[in-house]
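Descriptive structure summary
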Amino acid sequence: MSRFGQTEKIIFVGALILLVAFSYFLYDDSLLFPKANNGKLELIGDVAISQNDVRRKNLDTFSWLPASRKDSVYQNDSIFTGDRSEATIRLQDGTQIRIEPNSLITLNLKNGQMNLDLRYGNLVGELAQGSSLTVKSGTEEFKLESTPGTAEKPKIQFNKAHSGTVDLKLISGDVKYVDKKKKAVKALPKNTVVAVNKKGEVKQVEKPQLSLTTANNVNYLRMNPDDPLPFEWQSKGPVSRYELEISPAQDFSTVAVSKITSETKTAVTEPLEPGAYYWRLKAFDHNGQVSAVSPVQNVHVTHLAGPQIVTPTQAAQISLELKVKPKEELATTTEVQWRAQPVLKNFTWQVSQDPEFQTILKEEQTTNLAAVTPKLPSGTYWVRVQGQTESQKLSPWSEPVAFTLNLLAHKEERPDRPVLVTKKIEFKAPTGKDRNPASPEAPKLAWKPVLQTKNYHLQIAKDVSFKDAEKYDVTQTQAAWSQYRPGKYFYRVYARGLNGLISEPSETGTLEISVGGLTLDPLKTINAVGQAPGPKETPVSWSEVPFAKSYLVQVDKNKDFATPQLLEYSSNAGVLTLNDPGRYNVRVQAMDESNKPLTEFSNIEEVLYTFRTPLVAPTLMEPFNAASIFLQTEMEPFIWLEWKKVEGASSYRIEISDKADFSRTLIAKSIDGNRYLIKDRVPLGKIYWRVRAESKSDSEASEWASKREFTLYHQKNETFVK
């Protein structure tokens, strides 16, 4: 039996001839799509560099064509660059024009001189010796001429928004221009931005200057959390708006308040926690770019609160038996003590017979945190205190405290002196990582009970003479000192009898308080992707240490920390900035109010900073675009798709569709290699396919490669059916 019949042989030979013909068309499409006729256009240069999306169009045509390297540039050609795209045009006289991203220009050679119409965008022009360049601004033209005989080629930077003036800056060389307003030839100033308006006039652009008129280290005292904080400044030069920034960090790594205004003053009403802050001002030009930044100044915010009376306690019943002769002398004084903010320097206290303070028995001023009432007979009284700052600002009144005096004419012996349970107490203050519900939060002082005692008076001091001692009245035979601080202290206890008589003090006990270590939390790895490595941030935190004024963080690539980078933080968390990729070692130490070490260094944690460039779209290789593929059977096609590998890619995503917009996908898969074999049955006709690169570690994907297409045919009934 013959393998091929006569008809099959004819069909086979014809298919081979068509395959060869279409293969040639894929190699050279000039027969199907002839190139534009540029023979009548004047050649003025070529494309020296073309990166990414660069297009070219002549005034005589309607379509934009990709501008590749070494492509010719003709009279009245327009050049467009897209995002992250750049092109360099080399003119025949040696002048080079570098067109930056998102720009559009039109080139025109007139009388041997280059006329440049910058519609919008940025470019840098490098003039050849003795050549000139004319820039069109509005309806006027602005001519720049290089000075002959100079060794350095002139280089000029141009900038123009979608509307407005053209900004120029001479980077190098010497260039002259004609000032139409003064009708004189002048030299373009070097490294100075000048503006060319729509009338062709040149004016130097003044660089904005900022001057902060609000005093440095100003202290704002807020009666209410939303009281306005005024800030003022002065500026010179063109400024469209200002941005005021307030930050708790001097490097402004975190911003607490950001406020935009077009005025030279503003008032901040946003709530701020009391403390020290830094503030600065940014100026923006008409293009929305930061044109000037002021120096950093300090500002302090304080919330003013009223004093808090601690003695006597609310609704206290003070019962005393006094030894007096006449009954009219049955009266006694009462000590009033309070706590207040350090900003309050002077105090006014009042004692009254009524809670509304309509009948005031005594009112005095003092600079102390305590006062003694006049002698009062038995009865109920109310006391309150108001503070005043050095700037004469008054705080709210404290909450009125009522107390009752129950006085009896009787003599009572003084109570026995208390006996301490433990004379020497050692207490280790827990840190954030060491805390647990069973651990004591404060050192506890205890003594044995004394009969016929109303309460006890506890004193804690830094020295054995009990000068400037802290005083507490308690009703129990023990007390937890919540206001403790690291160091060595002395304490003693008095017993107060039912009539208010005070016993002799107990023996003096010692209290030694130390602080535990701190633990640095693990640091997160920084995986950066970009065009060039730079400073990157990662959060850093550690266990909180009581009484720590600040924390000193050391960063070094060596574990011996021979030459560490030192960073200071006011809290137990912040942001760590690493300047370049590498493996770093980090440790932290707590500092006290005198900036001396409060703890040993913490554990050492490592942080890794890696960097790589972003993924680019793959380059498709096989099959060629618009290829025709003939199938001998209606079985699966078995067609190989291939593309170039992309650096940094761990996999590739391929999509195959019979729709040009990929609204319906026939095959969508992620594969590790750079080839894919189509085994599944796909419909006849045009098939579209595209590929993108992916990185599993960073969950990053490149742009899709420009799609390609091929057409499938198969042999059936002696006819090719599409």
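Quantities reported herein were computed from a predicted structural model and do not represent experimental measurements.

**A short note on the overall build of the protein**
- Within the protein one finds one helix and 58 strands.
- Every one of the 722 residues in the protein was classed for burial, and the buried ones make up 41%.
- The contacts in the protein between residues at least 6 apart in sequence include a share of 63% that link residues at least 24 apart.
- Summed over all atoms, the accessible surface of the protein reaches about 40,600 Å², with 49% contributed by carbon and sulfur.

**Considerations on the nonpolar core**
- Counting 33 residues, the largest nonpolar core has Ile89, Ile97, Ile105, Leu107, Leu144, Phe158 and Leu168 as its most contacted members.
- Top element by residues in this core is strand β9 (residues 113–126). It accounts for four residues.
- One finds Ile654, Tyr676, Ile678 and Trp689 within the second-largest nonpolar core, a separate group that totals 24 residues.

**Section: the sheet that holds strand β28 (residues 316–321)**
- The strand order β28-β34-β33-β30-β31 describes an open sheet built from five strands, whose pairing is mixed. Of all the strands in the sheet, the pair left with one neighbour each is β28 and β31 (360–366). Averaged over all adjacent pairs, the angle separating strand axes in this sheet is 20°, with direction ignored.

**Focus on the confidence of the model for the protein**
- Per-residue confidence for the protein averages 83 on the pLDDT scale, and 89% of its residues sit at or above 70.
- Segment residues 27–35 is flagged for pLDDT under 50; beyond a separation of four residues in sequence, or across chains, it makes three contacts in the model.
- In this model residues 717–722 is a low-confidence stretch, pLDDT under 50, and it forms 14 contacts with partners more than four residues away in sequence or in other chains.

**Some remarks on the layout of surface pockets**
- Of the voids in this model, the largest pocket is the one considered here, and its volume is about 1,400 Å³.
- Along the walls of the largest pocket sit 40 residues, with Thr311, Glu335, Gln337, His457 and Asp473 positioned nearest its centre.
- If you list the elements that add at least two residues to the lining of the largest pocket, you get β27 (308–311), β28, β29 (335–339), β32 (370–372), β37 (453–461), β38 (470–474) and β40 (487–497).
- Per-class residue counts for the lining of the largest pocket are 16 nonpolar, 16 polar and eight charged.

**Regarding the packing of aromatic side chains**
- Overall, the coordinates contain 14 aromatic pairs when judged by the stated rule.
- Seen from their ring centres, Phe630 and Tyr713 are 5.0 Å apart, and the 20° between their planes marks the pair as stacked. Highlighted residues: Phe630 in strand β50 (residues 627–631) and Tyr713 in strand β57 (residues 708–716), separated in sequence by 83 residues.
- On the basis of relative accessibility, which here comes to 21%, the residue Phe630 falls in the partly exposed class.
- Aromatic rings pair up to connect Tyr220, Phe231 and Trp279 into one cluster.
- Above the plane of the ring of Phe561 lies Arg587, whose end atom (NZ or CZ) is 4.2 Å from the centre.
- Between Arg587 and the ring centre of Phe601, over which it is positioned, the NZ or CZ distance is 3.9 Å.

**Observations regarding the sheet that holds strand β54 (residues 675–678)**
- Spatially, three strands are ordered β49-β51-β54 in an open sheet, and the strand pairing comes out antiparallel. Of all strands in the sheet, those with a lone pairing partner are β49 (620–622) and β54, marking the two edges. In this sheet, neighbouring strand axes are inclined to one another by 25° on average, regardless of whether the strands run parallel or antiparallel.
- Relative to β54, strand β51 (residues 639–643) is paired through four bridges, and the arrangement is antiparallel. In the strand pairing of β54, Leu641 is matched with Tyr676.

**So, the environment of Arg496**
- Within the fold, Arg496 resides in strand β40.
- Along the sequence, Arg496 and Asp416 sit 80 residues apart, while their C-alpha atoms lie 9.4 Å from each other.
- Excluding anything up to four places from it in sequence, Arg496 contacts Pro415, Thr453, Lys454, Asn455, His457, Asp473, Leu501 and Ile502.

**Digging into the pattern of salt bridges**
- In this structure the tally under the stated criterion is 20 salt bridges.
- Among the ionic pairs, Glu100 bridges to Arg98, the shortest N-O distance being 3.5 Å.
- Taking the relative accessible area as the measure of exposure, Arg98 reaches 30% and is therefore partly exposed.
- Two residues, Arg692 and Glu694, come together in a salt bridge whose shortest N-O distance is 3.3 Å.
- Assessed through its relative accessible area of 23%, Arg692 is described here as partly exposed.
- Owing to a relative accessible area of 16%, Glu694 belongs among the buried residues under this scheme.
- Where salt bridges share partners, they join Glu86, Arg98 and Glu100 into one cluster.

**Focus: the environment of Ala316**
- Mapped onto the elements, Ala316 comes out in strand β28.
- The class for Ala316 is buried, based on a relative accessible area of 12%.
- Note: C-alpha distance between Ala316 and Thr380 (64 residues apart in sequence) is 9.6 Å.
- Ignoring anything within four residues of it in the chain, the contact list for Ala316 reads Ala402, Phe403 and Thr404.

**Structural notes on the side chain of Arg708**
- Note on placement: Arg708 falls in strand β57.
- Here Arg708 sits buried without a salt bridge, and the closest side chain of opposite charge, Glu622, lies 7.3 Å off (N-O distance).
- A polar contact is formed between the side chain of Arg708 and the backbone oxygen of Pro623, at a distance of 3.0 Å.
- When near neighbours in sequence (up to four residues on either side) are disregarded, Arg708 contacts Leu620, Met621, Glu622, Pro623, Phe624, Asn625, Ile687, Tyr688 and Trp689.

**Considerations on the side chain of Thr311**
- Within the element layout of this structure, Thr311 appears in strand β27.
- Taking the relative accessible area as the measure of exposure, Thr311 reaches 15% and is therefore buried.
- Once residues lying within four places of it in the same chain are set aside, the contact partners of Thr311 are Glu335, Val336, Gln337 and Asp473.

**Some points on unusual backbone geometry**
- At the junction of Thr311 and Pro312, the peptide bond is cis and its omega measures out at 0° in the coordinates.
- Here the residue pair Glu622 and Pro623 is connected by a cis peptide bond, since its omega of -10° sits within 30 degrees of zero.
- Structurally, the position occupied by Pro623 is in the loop between β49 and β50.
- Positioned with a positive phi, Asn102 is a non-glycine residue whose angle comes to about 55°.
- Here Asn102 is to be found in the loop between β7 (96–99) and β8 (103–110).
- The phi torsion at Phe547 lies on the positive side, around 70°, for a residue other than glycine.
- Locating Phe547 in the fold gives a position in the loop between β43 (536–541) and β44 (550–556).

The rules we used
- Starting afresh in each chain, residues are numbered from 1 along the sequence in its written order.
- Note on the predicted model: pLDDT of at least 70 is required for a residue's local features to be given, and 80 or more for side-chain atom pairs to be given and counted; whole-chain, interface and lining totals, by contrast, use all residues.
- The basis for the side-chain values is all heavy atoms of the structure; hydrogens and waters are excluded.
- Helix numbers and strand numbers start at the N terminus; a helix is a DSSP run of H or I with at least 4 residues, a strand a run of E with at least 2.
- Between buried and exposed lies partly exposed: a residue is buried under 20% and exposed over 50% of the maximum accessible area for its type, with that area taken using a 1.4 Å probe on protein chains only.
- Every residue pair with non-hydrogen atoms within 4.5 Å of one another is taken to be in contact.
- Note that accessible areas follow from Shrake-Rupley with a 1.4 Å probe, and for residues the cover is restricted to the protein chains shown.
- As used in this record, nonpolar core signifies buried Ala, Val, Leu, Ile, Met, Phe, Trp, Tyr and Cys residues forming a set joined through side-chain atoms within 4.5 Å.
- Strands were regarded as paired on the criterion that DSSP finds at least two bridges between them.
- Only the stretch in contact is used when fitting a helix axis, every axis being a line fitted to C-alpha atoms; angles between N-to-C directions are given from 0 to 180 degrees.
- For every residue, the predictor states its confidence as a pLDDT score lying anywhere from 0 to 100.
- Here the term cavity refers to a set of points on a 1 Å grid, laid over the protein atoms alone, in which a 1.4 Å probe fits but cannot get out; the term pocket refers to an open set having protein on both sides within 12 Å along at least five of seven lines, with lining residues being those that place an atom within 4 Å of a point.
- Grid points are joined across faces, edges and corners, and a volume is the space filled by probe spheres set on the points.
- Three residue categories are used. Nonpolar comprises Ala, Val, Leu, Ile, Met, Phe, Trp, Tyr, Cys and Pro, charged comprises Asp, Glu, Lys and Arg, and polar comprises the others, including Gly.
- Pairing of aromatic rings covers Phe, Tyr and Trp, the last through its six-membered ring, and needs centres within 6.5 Å; plane angles under 30 degrees mean stacked, over 60 mean edge-to-face, and all others mean tilted.
- Two conditions define a charge sitting above a ring: the NZ of Lys or the CZ of Arg must be within 6 Å of the ring centre, and it must be within 35 degrees of the ring normal.
- Salt bridges, as used here, are contacts in which a Lys or Arg side-chain nitrogen is within 4 Å of a carboxyl oxygen on Asp or Glu.
- A residue counts as positive if it is Lys or Arg and as negative if it is Asp or Glu; His and the chain ends are not included.
- Here a polar contact is taken to be a pair of N or O atoms separated by no more than 3.5 Å, where protein atoms must pair a possible hydrogen donor with a possible acceptor and residues adjacent in sequence count only if both atoms sit in side chains.

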